[in-house]
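Architecture at a glance
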Amino acid sequence: MLSTVFCWSQVISAITHLYLKDTTICLIWNSEVEFDLKTNNFLEYYAVININLNNLQKSFENDIDDFKAMENKLTDYGLSYNELTEKLTMAIEKTHCESFIAFQHDILGFIESFINASQYSDWRSKRNRFVFAYKEEKFEENFEQLTFFEEENSILLVSMDDSSSSDIFNLKTNKYYGPKSEKQGTLLFLDKFYAENSSFLYNRSLFPDKTDNLRGREVIIAGFGYRPYFVINYGENDNNSYDLAFGGSSLGAVQIDGTEARVVTTFCEIYNCTVWIDSSEATDWGEVYPNLTGDFSLGMVVKDMAEIAIGAMYSWDVDYLQLDMSMYLARSGVTCLVPAPRRLTSWLLPLEPFQFTLWLAVLAYLIIEIISLSFAHKFESNLSAEEVSWYHSFKFAYATTLKLFISQSGNSYVWSFTVRVLLFTCFMNDIILTSIYGGGLASILTIPSYEKAADTVDGMLYHKLQWAANSEAWVSAVRNSDDQRMNGILNNFFIFNDDELEVLAMTRPDMGFTVERLPFGHYAIGDYLSSQSIEHLKIMKEDLYFQYTVAFVKRCWPLLERFDQLIYWWHSAGLDKYWEWRIVAVNLNVQKQKQVEATMYSNMEDNGPVKLGMSNFAGILLIWVLGIFIAVMAFIYEIMGHYLKCKKRGSV
């Protein structure tokens with residue numbers, strides 16, 4: 001008769017040697033099931049974390065890890081825990097435990113603690129395996145009712161055969177596959193193990209792959225309509241899904257589509273699963289909080305109402321701490337439809353024909369012209385009988401230069417050939433300058449000129465542009481950015497609901513509205529932006545920022561590895577580009593897409609020649625008013641000077 005210790009040692013050693021040797025093992029010791037770890041040189045080949053529940057409280061005093069810091073963290077977050085949860089959390093986080101062995105009455109307590117620990121730990125695994133061992137098969141009565149046996153696919157049950165001696169063990173697993181109505185947690189027989197010769201009856205895999213054919217198992221998506229990522233159409237024909245929120249009505253059946261929804265539906269076509277969605281709380285992207293609560297789509301996943309959330313879910317690191325995320329689905333750029341540039345009609349318009357440097361050159365030329373005429377006129381007077389002062393020559397040069405520049409004739413008589421040639425040269429130069437200026441001004445007045453658009457981040461900062469969206473999710477990825485420009489434009493960001501945004505888009509042409517730039521040339525445009533409102537907007541030349549979209553799934557989701565593999569194939573085959581073009585063509589307003597794209601290459605306001613108005617002459621009128629003011633001041637100066645002279649003569 002073989003000893004019980006030997007028998008248990010044989011079966012545990014055989015299982016760990018065949019299936020668990022490439023992982024770190026968390027072993028929950030139990031005094032009711034005794035076995036020897038040294039059998040077959042166990043400790044030489046395996047990394048084992050020993051957790052003894054009998055002295056669990058005392059072990060914290062001698063542990064090398066800082067459990068106090070973890071306790072403070074869990075307490076601050078308002079999370080419930082016990083000693084076993086603490087040990088498992090630290091074991092998963094620090095030693096990367098992926099295999100777990102528990103015995104007898106400890107199994108139910110371990111399951112509860114593991115569910116918590118797998119969510120509390122920052123580290124997580126895609127290949128967890130569980131071995132539950134017990135002496136009497138009566139322990140199985142409670143297993144099939146646990147959701148743990150419905151949600152985990154790598155569970156092995158080891159029990160002594162009640163109808164034989166203690167050296168024969170029955171090996172079972174949970175079904176996992178199939179619809180919920182067929183009890184996914186049902187236990188299935190796998191094999192028998194004989195401790196006497198350490199052999200299996202059928203040599204079957206004790207951890208069979210249950211994900212290659214899910215046989216109709218439901219995959220629940222937390223879904224809300226956000227085109228083209230996720231399209232939801234309720235109807236009676238061509239349904240490929242089921243909405244749990246409307247399960248009791250005619251709206252229960254639903255047709256879903258979308259660039260990311262197609263990945264999920266294709267996944268279920270390959271692995272034979274059924275797509276369900278739950279839209280009961282999924283009206284926004286949502287957020288997950290450290291106390292393992294949340295709202296909207298992401299909140300439904302963390303609360304175990306759904307397994308996966310898709311629909312332009314960015315790779316938010318805050319939410320990743322409580323959930324798992326898939327490989328990236330698409331590159332999404334957040335950009336804006338900003339106000340179209342307005343036509344320039346300011347008082348600076350008369351200065352627009354010439355650049356600043358050219359105006360400086362013209363000013364320099366006029367100064368040189370004045371100096372040249374001053375010297376020429378002075379020397380001419382020296383050769384004549386009437387010699388004049390330098391002041392008189394400067395007045396002649398200054399007045400003549402201004403008259404020539406504005407194409408006015410002078411009344412001064414000159415007889416020197418040198419002065420006449422100089423005047424002729426200046427007159428020709430001034431005609432050329434004024435002709436060029438007049439042509440430039442005419443083109444600016446008849447062909448519209450526009451101010452700089454706020455179609456870059458720097459442009460938004462310069463104009464202090466107010467911009468809006470319907471959710472905080474649009475900017476949550478850059479809220480704590482080190483980029484000062486981004487922080488600057490976030491000061492002018494506002495959140496409104498869709499109805500308010502629709503009104504603002506029609507009544508506030510000075511605001512910007514967020515859209516998403518898809519990787520292959522299309523845009524995710526909110527329904528609140530109509531073709532009419534887009535006429536007054538312009539798409540930005542650059543993205544405010546970009547992120548990679550992912551699918552958020554609940555922790556330890558057994559299908560995540562296969563889902564990631566499918567996404568790799570998806571990108572490699574070019575299906576992401578194909579489905580973006582096709583889904584946009586079928587489910588979006590293609591005319592609106594073209595309209596938005598066209599705004600990148602043209603100004604949307606006042607294209608072509610327009611009738612002139614008074615605003616076009618604001619600058620010219622300002623110059624006229626300035627001239628009148630100077631003339632009046634000069635007239636007053638002359639009157640006062642004449643009055644003072646007369647008064648002086650009268651006193652004499």
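Read on for an overview of the structure.

What counts as what
- Starting afresh in each chain, residues are numbered from 1 along the sequence in its written order.
- Given that the model is predicted, a residue must reach a pLDDT of at least 70 before its local features are reported, and side-chain atom pairs must reach 80 or more before they are shown or counted; all residues, however, enter totals for whole chains, interfaces and linings.
- Note: side-chain values were computed over all heavy atoms of the structure, leaving out hydrogens and water.
- What goes into a patch is any residue over 30% in relative accessible area without a salt bridge, connected to like charges within 9 Å or, for nonpolar side chains (Val, Leu, Ile, Met, Phe, Trp, Tyr), within 5 Å.
- Residue exposure ignores everything except the shown protein chains as possible cover, and the areas themselves are Shrake-Rupley values with a 1.4 Å probe.
- Any Lys or Arg side-chain nitrogen located within 4 Å of an Asp or Glu carboxyl oxygen qualifies as a salt bridge.
- Charged residues are defined narrowly, with Lys and Arg counted positive, Asp and Glu counted negative, and His plus the chain ends left uncounted.
- Here the site of a charge means atom NZ of a Lys, CZ of an Arg, CG of an Asp or CD of a Glu.
- Note on conventions: DSSP H or I runs of at least 4 residues are helices, E runs of at least 2 residues are strands, and numbering of each starts at the N terminus.
- Three exposure classes are used, based on accessible area relative to the maximum for each residue type with a 1.4 Å probe and protein chains only: buried under 20%, partly exposed in between, and exposed over 50%.
- Definition used in this section: a nonpolar core is a set of buried Ala, Val, Leu, Ile, Met, Phe, Trp, Tyr and Cys residues joined via side-chain atoms within 4.5 Å.
- Between two residues, a contact is recorded if the distance between any of their heavy atoms is within 4.5 Å.
- The directions from the helix axis to the C-beta atoms form the arc being described.
- Only when DSSP finds a minimum of two bridges between them are two strands counted as paired.
- Here an angle of 0 to 180 degrees is reported between the N-to-C directions of two axes, which are lines fitted to C-alpha atoms, with helices fitted over the stretch in contact.
- Two rings from Phe, Tyr or Trp (for Trp, the six-membered ring) form a pair when their centres are within 6.5 Å of each other. A pair whose planes differ by under 30 degrees is stacked, one over 60 is edge-to-face, and the rest are tilted.

**Examining a negative patch on the surface**
On the surface, Asp498, Asp499, Glu500, Glu502 and Asp527 cluster together into a negatively charged patch. Looking at the element boundaries, Glu502 is found in helix H16 (residues 498–507). Judged by relative accessible area, which is 43%, Glu502 ranks as partly exposed.

**Looking at the nonpolar core**
With 50 residues, the main nonpolar core has Tyr226, Trp285, Leu298, Trp316, Met460, Trp467 and Leu544 as its most contacted residues. Excluding residues that lie within four positions of it along the chain, Met460 makes contacts with Ala454, Leu465, Trp467, Ile489, Met540 and Leu544. In this structure, Val254, Ile256, Val263 and Trp579 belong to the second largest nonpolar core, which totals 32 residues.

**Here's the deal with helix H4 (residues 67–76)**
If you check which residues of H4 are buried, you get Phe67, Met70, Glu71 and Leu74. Down the axis of H4, the buried set is contained in an arc of 100°. They therefore lie on one face. Counted as exposed and oriented over 90 degrees from the buried face of H4: Lys68 and Asp76. Gly78 sits one or two residues past H4 and shows a positive phi near 75°.

**Remarks on the sheet that holds strand E6 (residues 168–174)**
Taken together, 8 strands build an open sheet; the order of strands is E2-E1-E3-E4-E5-E6-E7-E8 and the sheet is mixed. Edge positions in the sheet fall to strand E2 (47–52) and strand E8 (199–200), since each has one partner strand and no second. In the sheet, strand E1 (residues 24–29) pairs with strand E3 (residues 97–103) via 4 bridges, with the strands oriented parallel. When the bridges of E3 are listed, Leu27 appears paired with Ile101. The sheet strands contacting helix H6 (residues 106–120) are E1, E3 and strand E4 (129–134), and the helix crosses E4 at an angle near 160°.

**Description of the pairing of strand E7 (residues 187–194)**
Pairing geometry for E6 and E7, over 7 bridges, is antiparallel. Bridging across to E7, Leu171 finds its partner in Asp191. The sheet contact formed by E7 and E8 spans 2 bridges and is antiparallel. Considered in E8, the bridge of Phe193 is made with Phe200. Taking the residues between adjacent antiparallel strands as the criterion, E7 and E8 are bridged by 4 residues, where Ser198 takes a positive phi near 50°.

**Concerning the pattern of salt bridges**
One pass over the full model with this rule turns up 20 salt bridges. For the salt bridge of Asp209 with Arg562, the shortest nitrogen-to-oxygen distance reads 2.3 Å. Of this pair, Asp209 sits in the loop between E8 and strand E9 (217–222) while Arg562 is found in helix H18 (residues 560–572), placing the two residues 353 residues apart along the sequence. A residue is classified by how much of its surface remains accessible, and Asp209, at 43% relative accessible area, is partly exposed.

**Digging into the side chain of Asn170**
Checked against the element boundaries, Asn170 lands in strand E6. Excluding anything up to four places from it in sequence, Asn170 contacts Glu137, Leu157, Val158, Ser159, Asp161, Phe189, Asp191 and Lys192.

**As for the packing of aromatic side chains**
On inspection of all chains with the given rule, the structure shows 43 aromatic pairs. Between the aromatic rings of Phe114 and Phe130, the centroid separation amounts to 4.9 Å while the plane-to-plane angle is 80°, which identifies the pairing as edge-to-face. Within this pair, whereas Phe114 is found in helix H6, its partner Phe130 is found in strand E4, the two being separated by 16 residues in sequence. Pair check on accessibility: Phe114 and Phe130 agree, each one buried. Taking 5.6 Å as the distance between ring centres and 75° as the angle between the ring planes, the aromatic pair formed by Phe267 and Phe563 counts as edge-to-face. Of the two residues, Phe267 is situated in helix H8 (residues 261–271) and Phe563 in helix H18; the sequence distance between them amounts to 296 residues.

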